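So you can see what is in the structure, the chains are spelled out below.
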Amino acid sequence: MLNLLIVDDEMVILHGIVKIIREGKTPFTRIESALDACEALSVMEDFAPDLIITDIHMPEMNGLELIQEVKDRGACGRFIILTGHDEFEYARQALRHQVIDYLLKPINKMELLDLLRTVAKTILEEEQDGAKHARSDSQYSFHVEKILRHIDQHYHRDLSLDQCSELTGLHPNYISQLFKKETGVSFVQYLHHYRIEKAKELLKKDGGLPVQVIGNQVGFENPQHFMKVFKKLVGCTPGAYRESDVEGDGA
């Protein structure tokens, strides 16, 4: 199961592309869409695409700018450009951004589906190679590595085993067992530890930022829950930790 995000500011074209791909039965079984770059970035807060198809000409942020922003965030590394302008300059810029291909509108149905199947084959082969590499050079399997990377990128968002299931294609119960077997802790325990370490960094970095804001920034919606987890793992409240750090720096 692969994830695909399609971005185009023309609704009719967007829906048409989605329909073609759904009916084409490619390995991209989870498809999300967005009408502009800002919406696409919002979608990616909870959706990790394996491939992004984007129009070039869009308001506010064009397709090439979107690609650069996505790459800067580390959210996806594979892109296909769509445009109705057969101009070399756009193709040159697309190549500079290392896009997979550059397709002209109106979209040729068979060309698009063939390209998606080729890209999907490459992605799946890379994942298999990655799994082999992870087993030989890492203490974690490919799927657990993928979940750990997802936590690293989205720890400040709402995360769950169900989301990890969508990310990996594995059942939540199996993920829970696999994660604890390989890391030694449960998914929730790992997430709590990770978030609290990020909170400690913020407490040291910004002495004027309210504790409840820091809790929210690292993924705790409830301030009381943040305080409880912090005290349990660190041995003191966030405020006391900040004060002790300041005293230590001044000593």
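Our subject is the structure listed above.
What this report covers is the structure whose coordinates are included nearby. (Residues numbered from 1 in each chain as written. Predicted model: local features only at pLDDT ≥ 70, side-chain atom pairs only at ≥ 80, totals over all residues. Heavy atoms only, no water.)

### Thoughts on the nonpolar core
To keep things clear, this is the line we draw: Nine residue types can take part in a nonpolar core, namely buried Ala, Val, Leu, Ile, Met, Phe, Trp, Tyr and Cys, and a core is a set of them joined through side-chain atoms within 4.5 Å. Exposed residues in this analysis have more than 50% of their type's maximum accessible area, buried residues have under 20%, and partly exposed residues fall in between, with area computed by a 1.4 Å probe over protein chains only. To qualify as a helix, a DSSP run of H or I must reach at least 4 residues; to qualify as a strand, a run of E must reach at least 2; elements of each kind are numbered from the N terminus. For this analysis, residues touch if any pair of their heavy atoms sits within 4.5 Å.
Core analysis: the largest hydrophobic core is formed by 27 residues, its most contacted members being Ile147, Ile151, Phe187, Phe226 and Phe230. At six residues, the largest contribution of residues to this core is made by helix H9 (residues 187-205). Sequence-distant contacts of Phe187, that is, excluding residues within four places in its chain, are made with Ile147, Ile151, Leu159, Ser160, Leu161, Cys164 and Phe179.

### Some points on helix H8 (residues 172-183)
Test applied: The length a helix should cover is 1.5 Å for every residue beyond the first. Each direction from the helix axis to a C-beta atom contributes to the arc, which is the arc of those directions.
For H8, which comprises 12 residues, the first-to-last C-alpha distance of 16 Å matches the rise-based estimate of 16 Å (1.5 Å per residue) to within 8%. Taken as a whole, H8 has its buried residues at Pro172, Ile175, Leu178, Phe179 and Glu182. Each buried residue of H8 lies within a common arc of 120° when the element is viewed along its axis, so the set occupies one face. The exposed set on the far side of H8, more than 90 degrees from its buried face, consists of Asn173, Gln177 and Lys181. Where H8 is buried, its residues meet helix H6 (142-154), helix H7 (161-168) and H9. Phi turns positive one or two residues past the end of H8, at Gly184, with a value near 90°.

### Considerations on the packing of aromatic side chains
For clarity, the threshold we go by: For Phe, Tyr and Trp, where Trp contributes only its six-membered ring, two rings pair if their centres lie within 6.5 Å, and the inter-plane angle classes them as stacked under 30 degrees, edge-to-face over 60, or tilted in between.
Scanning the entire structure with this criterion turns up seven aromatic pairs. Plain terms: the ring middles of Phe230 and Tyr241 are 5.8 Å apart, the flat faces sit at 70° to each other, and that makes the pair edge-to-face. Residue Phe230 is found in helix H11 (residues 223-234), and its partner Tyr241 is found in helix H12 (residues 238-250); the two are separated by 11 residues along the sequence. Classification of Phe230 by relative accessible area gives buried; the value is 0%. When its relative accessible area of 12% is taken as the criterion, Tyr241 is described as buried. Taken together through their ring pairs, the aromatic side chains of Tyr155, Phe179, Phe187, Tyr190 and Tyr194 make up a single cluster.

### Considerations on the sheet that holds strand E3 (residues 51-55)
The test is simple: Here, strands pair whenever DSSP counts at least two bridges between them. Every axis in this analysis is a line fitted to C-alpha atoms, fitted for helices over the stretch in contact. Angles between the N-to-C directions lie between 0 and 180 degrees.
In space, the five strands of this open sheet follow the order E2-E1-E3-E4-E5, with parallel pairing throughout. At either margin of the open sheet sits one strand with a lone partner, and together these are strand E2 (28-34) and strand E5 (101-104). Mean inter-strand twist for the sheet, computed between neighbouring axes without regard to direction, equals 20°. As paired elements, strand E1 (residues 2-7) and E3 share four bridges and run parallel to each other.

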